[in-house]
Amino acid sequence: AIKSVESQTFKDFEVIICDSGSQDGSLEELKHFELRDNRVRLYNIPKNGVYNGWNDCIKRASGEYLYFATTDDLFSKNFLEVLVGLLDKNPSIDIGFTKLWTIDNDNHKDLSVWESLTAYLYTKNSFEHSHVRRRYAEIERFFYFSHLIISANQMLIRRSLFTKTGLFDESFGN
């Protein structure tokens, strides 16, 4: 995940890490990451669940857009460049998202999870080019087919969305 962040073509970002008691050696790696990159800020927080941690990160972040990564996330080198560009061009859009791939132990893309989604079966060409869909179309698609957003790591979210809706419900994920 750290290498994926460091290799981004878009460079104007900050990394807020809220660690809640890692005991697998990752905290030491995160400390090294913070020391070698001045965009990184590492905080120790109480262990109160993933959404509490994400809310803590939102409160500490200063950027216009938010991305929620977990320890095993990887994203393409131009992920931020593309999604920031799309959101910048479309100020009325609050969420930009992309196709989700899983990667097997041999570092090969596995699209089977993605391609098994009912929503994907009916919208195969949706990701062949960038486009904007309105919220009501997305709500309708969700009710009929499920949704193409199945993980937080597919999305770049405009910070102002949290001003409109509030932060994550911390009673989930504890």
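No experiment lies behind these values; they were computed from the predicted model shown.

A.B. asks: Looking at this model, I keep getting lost on the side chain of Ser4. Mind explaining?
C.D. replies: Checked against the element boundaries, Ser4 lands in helix H1 (residues 2-6). Owing to a relative accessible area of 5%, Ser4 belongs among the buried residues under this scheme. Setting aside residues no more than four positions away along its own chain, Ser4 makes contact with Asp73, Leu74 and Phe75.

A.B. asks: Is there a simple way to explain the pairing of strand S1 (residues 15-19) in this structure?
C.D. replies: Within a regular beta strand, the side chains point alternately toward one face of the sheet and then the other, so they alternate between its two faces. Burial within S1 is extensive, with five of its five residues counted as buried. Going residue by residue along S1, you find Val15, Ile17 and Asp19 tucked away on one face and Ile16 and Cys18 tucked away on the opposite face as well. Two elements, S1 and strand S2 (residues 40-44), share five bridges in a ladder whose sense is parallel. The residue of S2 that forms the bridge with Asp19 is Asn44. In this fold, S1 hands off to helix H2 (residues 26-36), which returns the chain to S2; that crossover is right-handed.

A.B. asks: How do you make sense of the packing of aromatic side chains when you look at a structure like this?
C.D. replies: Each aromatic ring pair is specified by the distance between its two centres and by the angle formed by the two planes. Counted according to the given criterion, the structure contains ten aromatic pairs. Aromatic side chains Tyr67 and Phe75 sit 4.9 Å apart centroid to centroid with 55° between the ring planes, which places their arrangement in the tilted category. Across the pair, exposure class does not vary: Tyr67 and Phe75 are buried alike. Judged by centre distance (5.1 Å) and plane angle (55°), the ring pair of Phe75 and Phe79 falls under tilted. An aromatic cluster is built from Tyr51, Trp54, Phe68, Phe162 and Phe168, whose rings are joined through pairwise contacts. Here the guanidinium or amino end of Arg39 rests over the ring plane of Phe13, the centre of that ring lying 4.1 Å away. Sitting over the ring of Tyr43, Arg60 keeps its end group 3.8 Å from the ring centre.

A.B. asks: Before we go on, may I ask you to explain the pattern of salt bridges in this structure?
C.D. replies: Opposite charge on two side chains makes pairing possible when the charged atoms of those side chains draw close. Enumeration over the complete set of coordinates arrives at eight salt bridges. We note a salt bridge from Asp56 to Arg60, for which the minimum N-O separation is 2.6 Å. Of this pair, Asp56 and Arg60 both sit in helix H3 (residues 50-60), four residues apart, which is roughly one turn of the helix. Asp56 gets classed as buried once you look at its relative accessible area, which sits at 16%. Three or more residues are tied together by salt bridges with common partners; here these are Glu64, Asp94, Arg158 and Lys164.

A.B. asks: Is there a simple way to think about the side chain of Arg39 in this case?
C.D. replies: Looking at the element boundaries, Arg39 is found in the loop between H2 and S2. Among the polar contacts made by the side chain of Arg39, one reaches the main-chain carbonyl oxygen of Lys11 at a distance of 2.9 Å. Once you skip the residues sitting within four places of it in the chain, Arg39 turns out to touch Lys11, Phe13, Glu14 and Val15.

Criteria and thresholds
Residues numbered from 1 in each chain as written. Predicted model: local features only at pLDDT ≥ 70, side-chain atom pairs only at ≥ 80, totals over all residues. Heavy atoms only, no water. Helix = DSSP H or I, 4+ residues; strand = E, 2+ residues; numbered from the N terminus. Buried < 20%, exposed > 50% of the residue type's maximum accessible area, 1.4 Å probe, protein only. Contact = heavy atoms within 4.5 Å. Pairing = 2+ DSSP bridges. Right-handed = clockwise from strand over helix to strand, strands pointing away. Phe/Tyr/Trp six-rings, centres within 6.5 Å; stacked < 30°, edge-to-face > 60°. Lys NZ or Arg CZ within 6 Å of the ring centre and 35° of its normal. Salt bridge = Lys/Arg side-chain N within 4 Å of Asp/Glu carboxyl O. Polar contact = N/O pair within 3.5 Å; in protein donor to acceptor, adjacent residues only side chain to side chain.

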